[in-house]
Amino acid sequence: MATIAETSVAAHPKYEPVIGLEVHVQLLTATKIFCSCSTRFGAPPNTNVCPVCLGMPGALPVLNRKAVEFAMLAAMALECRINETSIFARKNYFYPDLPKGYQISQYDKPLAEFGCIEIPAAAGKKKKIGITRVHLEEDAGKSLHEGFPNAAEKTAIDLNRTGVPLIEIVSEPDIASPEEAYEYLTRLKEIILYTGVSDCNMEEGSLRCDANVSVRPRGQKEFGTKAEIKNVNSFRFIRDALEYEIGRQIEVLESGGKITQETRLYNANEGKTYSMRSKEQAHDYRYFPEPDLLPLLVDEKWKAEIARVLPELPEARRARLVKEYGITEYDAQVLTFSKSLADQFEEAAKAAKNPKRVANLVQGELMGRLKAKRIEIEQSPISMGGVAASADLVEAGTISGKMLKDLYDLSFERGKDFPDVYEEEGRPQQSTDTSTLEKIIDEVLAANPKQLEQYRAGKKTMLGFFVGQVMKASKGQASPQVVNELLTKKLG
């Protein structure tokens, strides 16, 4: 029998995967969805709890308006239709960290439906991945299996997370490969971060993803039997888990077996999925309307209020940056990685004479040093105003590229902004010392007769070569502008 590695999608063109993703996003409210307990992460176990989220008899839920507004904002950003009426339901199942024995969620009448996300496709095209629904629900608690006495024999329960507000974003089964799943999740996280409704911190559980995957003969309309992969804690692992699972299912079918509908877990160390339990159907949860909550009504006035605070989203912003600042699409992609970075770039681009040079400095000089120091742009000693100032100095030929690099290094060493370090260093420059520069130019021309001959034969691009050689000989201290002027004059 073939190995899973040999039964990849590429090796089996007669099969195609069908993938749908369910993403849970924790909303950044100060309090829980149905009570006033704090949602703060990292509190001592079982301290952010009350009779409501503990499911005590007689305790009644009260819906958090801010959670609804955050959910609406996310749904609008995902191009969903907000339903005028949505219904909360009880989803019944029994687990140690679910004290009520049911979860308050939404079922057949969710808050929002029929959205989409565009992802990159082949040949520079775009592909739309449909979003079936966005609905509100409460989180469950957390089972702890380590970090306390007797952890090897017992499970501890922390109910701080119980009742924390979530939105569940369910995609259509439009995803056709693990790579498309990765792109979808990347775009989804980016959009949610731009709205500000969640920090999407996967390490703290603010963003979690379950993947449903099946395979079928290419061209067949009916879906194959699906498996659900739960609790994968990174986009890369989700991609790897899907790759393995697709191969596993193809191997089973090729050997004459049948796929079992089940929930599976992914072991990142082994790169394999393992059966966890048989997959529940909707009827297993015995959904029925939550009797303690009225239907949620969203009128046009409320929707208009939320729409007014919807920010410019990543794709639209990229297109605008390319148009307004003359930067490349790649530049725009990098500079809109986060809303904070995009905001700060625009601040510098508006202040500088050459936005393209600012884009280059942010990507090539600033972000490289931030990555090396393992700090975020918010902790950068060089402000965007400093980047704009440095771009203008290079543009004017006041400082060389070598000097800029040295000054950036000093800024990071001293923890000071670029203009401050520039002043401290006494604005060192030999831009007026033409006699010294002329001597260097003569030496460079004498040392490069072949290039000089090419220039005089009409290859005017060699001027840039000579400028570079003079800058190198001057150890970056010469003014590029003055060097250009002297060389042009010298070369006639």
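Preceding this paragraph is the structure being described.
Residues numbered from 1 in each chain as written. Predicted model: local features only at pLDDT ≥ 70, side-chain atom pairs only at ≥ 80, totals over all residues. Heavy atoms only, no water.

A.B. asks: Could you clarify how one ought to interpret the sheet that holds strand S13 (residues 262–267) in this entry?
C.D. replies: Adjacent strands of a sheet pair through backbone hydrogen bonds, lying either parallel or antiparallel. Taking strand neighbours across the sheet as the criterion, the nine strands line up as S2-S6-S7-S10-S1-S11-S12-S13-S14 in an open arrangement whose pairing is mixed. Edge positions in the sheet fall to strand S2 (81–82) and strand S14 (272–278), since each has one partner strand and no second. Across six bridges, S13 lies against S14 in antiparallel orientation. In the strand pairing of S14, Leu-265 is matched with Tyr-274. Contacts from helix H3 (residues 235–254) reach strand S1 (15–26), strand S11 (207–217), strand S12 (227–232), S13 and S14, with the element oriented near 25° to S11. (Pairing = 2+ DSSP bridges. Helix = DSSP H or I, 4+ residues; strand = E, 2+ residues; numbered from the N terminus. Contact = heavy atoms within 4.5 Å. Axes fitted to C-alpha atoms, helices over the stretch in contact; angles between N-to-C directions.)

A.B. asks: What should I look at first to understand the packing of helix H1 (residues 65–77) against helix H4 (residues 300–308) in this one?
C.D. replies: Helix-helix packing is described using two parameters, namely the angle between the two axes and the distance between the axes. Contact geometry of H1 with H4 gives a least axis separation of 10 Å together with a crossing angle of 70°. When the interaxial angle is binned, H1 and H4 end up roughly perpendicular. In the crossing of H1 with H4, the sense of the turn from one axis to the other is right-handed. Here Arg-65, Val-68, Glu-69, Met-72, Leu-73 and Met-76 of H1 lie close against H4, whose contacting residues are Trp-302, Lys-303, Glu-305, Ile-306 and Ala-307. (Parallel < 35°, antiparallel > 145°, perpendicular 65-115°, else oblique. Left-handed = near helix turned anticlockwise from the far one by under 90°.)

A.B. asks: Quick question: what am I supposed to make of the pattern of salt bridges here?
C.D. replies: If charged atoms from side chains of opposite charge come close, those side chains can pair. Inspection of the entire model under this criterion finds 40 salt bridges. A salt bridge links Glu-365 to Arg-369, with the nearest nitrogen and oxygen atoms 2.7 Å apart. Placement of both Glu-365 and Arg-369 in helix H8 (residues 355–373) is noted, with a separation of four residues, approximately one turn of the helix. With a relative accessible area of 11%, Glu-365 lands in the buried category. Classification of Arg-369 as buried rests on a relative accessible area of 15%. (Salt bridge = Lys/Arg side-chain N within 4 Å of Asp/Glu carboxyl O. Buried < 20%, exposed > 50% of the residue type's maximum accessible area, 1.4 Å probe, protein only.)

A.B. asks: What exactly am I supposed to notice about H1 here?
C.D. replies: Because each turn of an α-helix spans 3.6 residues, side chains separated by three or four positions end up pointing in the same direction. Across its 13 residues, H1 extends 19 Å between first and last C-alpha, which sits within 8% of the 18 Å expected from 1.5 Å per residue. Most of H1 sits out of view: eleven of its 13 residues are buried. Buried within H1 are the following residues: Ala-67, Val-68, Glu-69, Phe-70, Ala-71, Met-72, Leu-73, Ala-74, Ala-75, Met-76 and Ala-77. Where H1 begins, one side-chain oxygen reaches toward the backbone nitrogen of Lys-66, 2.9 Å away; that side chain belongs to Asn-64. Glu-79 occupies a position one or two residues after H1 and carries a positive phi of about 60°. (Expected span 1.5 Å × (residues − 1). Polar contact = N/O pair within 3.5 Å; in protein donor to acceptor, adjacent residues only side chain to side chain.)

A.B. asks: Sorry if this is basic, but what is going on with the layout of surface pockets here?
C.D. replies: Leftover empty space is mapped by rolling, across the atoms, a probe with the size of a water molecule. Space inside the second largest pocket adds up to approximately 540 Å³. In terms of lining, the second largest pocket is formed by Phe-337, Ser-338, Ser-340, Leu-341, Met-367, Leu-370, Lys-371, Arg-374, Ile-375, Glu-376, Ile-377 and Glu-378. Grouping the amino acids of the lining of the second largest pocket by side-chain chemistry returns six nonpolar, two polar and four charged. (1 Å grid on protein atoms, 1.4 Å probe; cavity = no way out; pocket = protein on both sides within 12 Å on 5 of 7 lines; lining within 4 Å. Points joined across faces, edges and corners; volume = space filled by probe spheres on them. Nonpolar A, V, L, I, M, F, W, Y, C, P; charged D, E, K, R; others polar.)

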